[in-house]
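Commentary on secondary and tertiary structure
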Amino acid sequence: MTTATRKQRDTGKAAGLVAPALIVLATVIGYPIVRAVWLSFQGNRRLDPKTGVFTDGGFAGLENYLYWINNRCMSPSGVVGACPPGVLATDFWPAVRITLFFTVVTVALETILGMTMAMVMNTEMRGRALIRAAVLIPWAIPTAVTAKLWQFMFAPAGIVNSLLGTDIAWTTDPWAARGAVIIADVWKTAPFMALLILAGLQMIPKDVYEAARVDGASRWQQFTRITMPLVRPALMVAVLFRTLDALRMYDLPVIMISGSSNSPTATISQLVVEDMRQGNFNSASALSTLIFLLIFAVAFIMIRFLGADVGGADRPKRRLFGRREAKEAVR
């Protein structure tokens with residue numbers, strides 16, 4: 001049997017083994033995505049002023065997308081235009097700004113805290129296993145429980161105001177409410193960042209640090225010229241996963257503050273849920289598609305331009321690092 005024939009046979013076997021999983025994924029994931037995109041081009045059910053009966057909107061083109069992006073109102077006849085006096089437009093762009101604000105602030109804080117916790121957990125010391133288990137407790141708690149816990153702590157007569165000696169309205173004041181959500185989210189998710197970064201730290205050979213210490217490198221030089229370059233692939237993957245998760249934030253601000261689209265902590269995911277509760281499934285599908293495109297764009301930028309190593313191609317190999325490489329790194 002020739003090499004080409006053997007390769008074709010192995011490829012056929014591999015395709016046969018993978019095919020069932022691909023079919024299941026296409027059914028469970030692919031169909032809902034295609035269906036949501038199709039619904040986004042359909043008009044919502046509306047009251048026909050001539051007959052007084054609710055009818056299907058039919059094909060509406062980009063009407064639902066214009067409804068959200070242009071921040072316009074929609075008349076009962078389906079015409080998108082300026083809002084009449086006393087009628088509020090959609091809350092799409094304010095929700096986008098709040099979502100991006102939460103994403104940038106929480107991911108930045110979680111990256112700093114996660115890196116710090118990972119460095120501590122990677123240190124050789126007594127009780128290291130206990131520390132690792134304790135750090136992961138906040139991440140293991142369900143988000144709904146976390147939200148209720150912090151809602152109780154940020155109550156007007158709660159623990160936070162009692163400790164600080166203040167009377168801050170954490171659940172009603174716009175910036176205080178956003179700060180409360182950020183604190184709760186960082187407390188819960190920083191251990192997740194620490195876990196992913198710790199995995200990258202443990203892949204760095206110990207002899208690299210030993211060689212750097214022999215060559216007189218300080219701890220700061222070891223961190224900036226050895227640790228950060230070698231842990232960067234794992235760090236970028238952690239930032240990528242956390243960023244995509246933060247862009248879909250929903251349950252924490254809803255339970256802690258409010259589920260209304262007029263809430264100071266309303267995210268774009270809240271708009272989707274509220275639109276669906278009002279029976280506007282097609283416009284909600286359009287908004288879901290916009291969220292998908294936003295998340296896809298962010299993921300593409302981070303993978304393509306920021307070097308998030310999702311495939312593991314840039315992971316360090318032990319045989320590539322030794323005394324000579326460490327000496328060059330600390331120069």
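Refer to the preceding data block for the structure.
Residues numbered from 1 in each chain as written. Predicted model: local features only at pLDDT ≥ 70, side-chain atom pairs only at ≥ 80, totals over all residues. Heavy atoms only, no water.

1. Quick notes on the side chain of N161
Within the secondary structure, N161 is located in helix α7 (residues 159-164). A relative accessible area of 3% places N161 in the buried class. Only 3.1 Å separates the side chain of N161 from the backbone oxygen of P156, close enough to count as a polar contact. When near neighbours in sequence (up to four residues on either side) are disregarded, N161 contacts A155, P156, T166, D167, I168 and W170. (Helix = DSSP H or I, 4+ residues; strand = E, 2+ residues; numbered from the N terminus. Buried < 20%, exposed > 50% of the residue type's maximum accessible area, 1.4 Å probe, protein only. Polar contact = N/O pair within 3.5 Å; in protein donor to acceptor, adjacent residues only side chain to side chain. Contact = heavy atoms within 4.5 Å.)

2. Description of the nonpolar core
W68, I197, L201 and L287 are the most contacted members of the largest nonpolar core, which has 43 residues in total. Every element with two or more residues in this core is listed here: α2 (63-69), α3 (92-121), α8 (174-201), α9 (206-214), α10 (219-247), α12 (268-277) and α13 (281-304). Residue contributions to this core peak at eleven residues, all from α10. L201 has contacts with M115, A118, M119, N122, T227 and V231, leaving out every residue within four places of it along the chain. Counting residues in hydrophobic clusters, the runner-up holds 19 residues, among them F102, M153, F154 and A177. (Core = buried A, V, L, I, M, F, W, Y, C linked by side-chain atoms within 4.5 Å.)

3. Regarding a nonpolar patch on the surface
A surface patch of nonpolar side chains, amounting to about 820 Å² of accessible area, comprises L17, V18, L22, V24, L25, V28, I29, I33 and V37. In this fold, V24 is placed in helix α1 (residues 3-40). (Patch = residues over 30% accessible without salt bridge, like charges linked within 9 Å, V, L, I, M, F, W, Y side chains within 5 Å. Areas by Shrake-Rupley, 256 points an atom, 1.4 Å probe, with all protein chains shown as cover. Salt bridge = Lys/Arg side-chain N within 4 Å of Asp/Glu carboxyl O.)

4. Some remarks on the environment of V181
Along the chain, the position of V181 falls in helix α8. Since its relative accessible area comes to 1%, V181 is described here as buried. Residues V181 and W170, spaced eleven residues apart in sequence, show a C-alpha to C-alpha distance of 9.4 Å. Contact partners of V181, with chain neighbours within four places excluded, come to F102, M249, L252, P253, M256, I257 and T265.

5. A word on the packing of aromatic side chains
Within the structure shown, the criterion is met by eleven aromatic pairs. For the pair W139 and F192, a centre-to-centre distance of 5.3 Å together with 45 degrees between the ring planes defines the contact as tilted. Placement of the pair is W139 in helix α5 (residues 137-140) and F192 in helix α8, with a sequence separation of 53 residues. Look at W139 and you get partly exposed, because its relative accessible area is 35%. On the basis of an interplanar angle of 70 degrees and a centroid distance of 5.7 Å, the ring pair of W150 and W187 is categorised as edge-to-face. Highlighted residues: W150 in helix α6 (residues 143-153) and W187 in helix α8, separated in sequence by 37 residues. In this structure W150 comes out as buried when scored by relative accessible area, which is 10%. Three or more aromatic residues joined by ring pairs make a cluster, and in this case those are W150, F154, W170 and W187. The ring of W175 is capped by R178, whose NZ or CZ atom sits 4.8 Å from the centre of that ring. (Phe/Tyr/Trp six-rings, centres within 6.5 Å; stacked < 30°, edge-to-face > 60°. Lys NZ or Arg CZ within 6 Å of the ring centre and 35° of its normal.)

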